[in-house]
Amino acid sequence: MEQLSINHISKRFGRQLVLDDVSFTLAPAKIYGLLGRNGAGKSTLLNIITNRIFPTSGTVKLGDLDTNNNDDALGKMFLMGEANLYPKRTSIRRTFDLANEAYGQFNYQTAARQLQEFGLDDQQHVNDLSTGQRTIAKLVLALNVDADYILMDEPVLGLDATHRDLFYKELLKSYQAKPRTFVLSTHLIEEVAQLVEHVVIIDQHKVIADDQVQHLLDLAHTVSGPAKLVDEYTAGLRVLASENLGNIKTAYLLDDLDDQRVIPDQVKLGHYDLQHLFIYLTSGGEHNND
Amino acid sequence: MQFDFDGSAPLYQQLAAQIEEMIFTGGFDEGAQVPSTTQLSQQLHINPATVLKGMNMLVDEGLLEKRRGLGMFVRPGARQKIMERRKDNFYNDYVKKLLVEAAKLGITKEHLIELIERGEHDGTIKH
């Protein structure tokens, strides 16, 4: 399997810049999170990667080959999207057959088991399904298509907690049975934080973080204590946000702590999670509560 | 099996710590097989790479061993090893913290010793 590289992709719709010089690389057989607030440009990006729409500039390459109009390369990528492109009376079974014709080797057996676990029947028509059921039909399709890169746009849209749970479990099962790359594009960060190995965060149409989850969390420190001491300790470090409560200030850092600096007794260090990191990174200072 | 994660430390370390605790308290016997990376990953919804990192940490510490084709097992002597390590850390993990808090509260050394004796007397400490 070859890596998929997104190189300097920009996209304009009329006057509006939707993606601004976006670059990152997806490695084979890894689970990624593509995170961003609503309207950040995630769906547009996924549609560009899979050649459904064209970028204004930039390229997408699988290995050394440009994927644009390259059927071989595009046959290794599958996008589970929001748009429903099937004609009216299309059964779930028919969507599997179509995927089998396009990609080959569709895993009918696992798909049948999963449909049953989710309480669906492959003779049901896609257009008759509720939002949540339609998501399930698409997920089961995506989990069983034979492709090296499976991109999922809002994979848990409309699913209740039980079904989300079942999906995460089936995703890991599928990944372990046949390691390939999954990209989960979502704003439900808490739920996927443990599932994804690497995240790409998009904000204001640009990539603002592209890193291993564990590495980001290692840098995510809280420093709290008397405001003056916290300010002294965090001087020169990257502070994303801070909060004051009485005389106590808490600073949220995204940086290595300096081993040389002495931590005063009244100052406490801690960690915060990916969800909060995302909020502080993407809120552009809205959460500074000074 | 009950796992409980928070943001206090990297996930793989928390996972390793909780498996260690289960070995220590007899949840897993020495020589017994522990759940596979695949099982833990699917059950806990954690990326397999993270689970593997946690398991490997326990292998490096000599608490688990890999048996080719069979899976991961608790090494004989693992419990003793955990016990020794915890004894080594007891001073840092408990005694130092106790003294720092006592100092903040103005509790004297004599009073502290009295409190320890009272705790023992009350039978809240099991031997």
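Preceding block: the structure.
Values in this document were obtained by computation on a predicted structure and should not be read as measured data.

Structural notes on the overall build of chain A
Each helix and strand in chain A was counted, giving 10 helices and 14 strands. Expressed along its principal axes, the backbone C-alpha trace of chain A runs to roughly 65 × 40 × 35 Å. Looking at chain A as a whole, 48% of its 290 residues qualify as buried. For chain A, the exposed surface amounts to about 13,800 Å²; the carbon and sulfur share of it is 46%. Here chain A carries 27 positive and 39 negative side-chain charges, and the mean point of each set is 6 Å from the other.

Considerations on the interface of chain B and chain A
Of the residues lining the interface, 16 residues belong to chain B; the matching set on chain A comes to 15 residues. The junction of chain B with chain A conceals about 1,300 Å² of combined surface from both sides, 53% of it contributed by carbon and sulfur atoms. Among the residues chain B hides against chain A, the three largest losses belong to Gln42, His45 and Asn47 of chain B. Together they make up 49% of the total. At the boundary of chain B with chain A, the tally comes to four residue pairs in polar contact (both at pLDDT 80 or more). Where the side of chain B that touches chain A is concerned, the elements lending two or more residues are α1 (11-24), α2 (37-44) and α3 (48-60) of chain B. Of the residues forming the side of chain B that touches chain A, the biggest block, five residues, is contributed by α2 of chain B. Here the residues of the side of chain B that touches chain A sort into eight nonpolar, eight polar and no charged.

Focus on the packing of helix α6 (residues 161-177) of chain A against α2 of chain B
Close contact between α6 of chain A and α2 of chain B brings their axes to 8 Å; oriented N to C, the two are set at 155 degrees. It follows from the interaxial angle that α6 of chain A and α2 of chain B lie roughly antiparallel. For the element pair α6 of chain A and α2 of chain B, the recorded crossing hand is right-handed. Between α6 of chain A and α2 of chain B, the residues in contact are Lys169, Leu172, Lys173 and Gln176 of chain A and Thr37, Thr38, Ser41 and Gln42 of chain B, respectively. Class assignment for the residues of the contact of α6 of chain A with α2 of chain B results in one nonpolar, five polar and two charged.

Digging into the sheet that holds strand β10 (residues 206-212) of chain A
Residues and elements named next belong to chain A. The strand order β6-β7-β8-β3-β9-β10 describes an open sheet built from six strands, whose pairing is mixed. Two strands lie at the open edges of the sheet, namely β6 (77-80) and β10, each paired on one side alone. With direction set aside, neighbouring strand axes in the sheet form an average angle of 15 degrees. When strand β3 (residues 31-36) meets strand β8 (residues 181-186), the two strands line up parallel, connected through five bridges. Paired with Leu35 across the two strands is Thr186, which belongs to β8.

Cut-offs and rules
- Residues numbered from 1 in each chain as written.
- Chains lettered and ligands numbered in written order.
- Predicted model: local features only at pLDDT ≥ 70, side-chain atom pairs only at ≥ 80, totals over all residues.
- Heavy atoms only, no water.
- Helix = DSSP H or I, 4+ residues; strand = E, 2+ residues; numbered from the N terminus.
- Buried < 20%, exposed > 50% of the residue type's maximum accessible area, 1.4 Å probe, protein only.
- Areas by Shrake-Rupley, 256 points an atom, 1.4 Å probe, with all protein chains shown as cover.
- Lys, Arg positive; Asp, Glu negative; His and termini not counted.
- Charge placed at Lys NZ, Arg CZ, Asp CG, Glu CD.
- Contact = heavy atoms within 4.5 Å.
- Buried area = accessible area lost by both parts, 1.4 Å probe.
- Polar contact = N/O pair within 3.5 Å; in protein donor to acceptor, adjacent residues only side chain to side chain.
- Nonpolar A, V, L, I, M, F, W, Y, C, P; charged D, E, K, R; others polar.
- Axes fitted to C-alpha atoms, helices over the stretch in contact; angles between N-to-C directions.
- Parallel < 35°, antiparallel > 145°, perpendicular 65-115°, else oblique.
- Left-handed = near helix turned anticlockwise from the far one by under 90°.
- Pairing = 2+ DSSP bridges.

Spatial relationships are all this shows, so hold off on functional conclusions.
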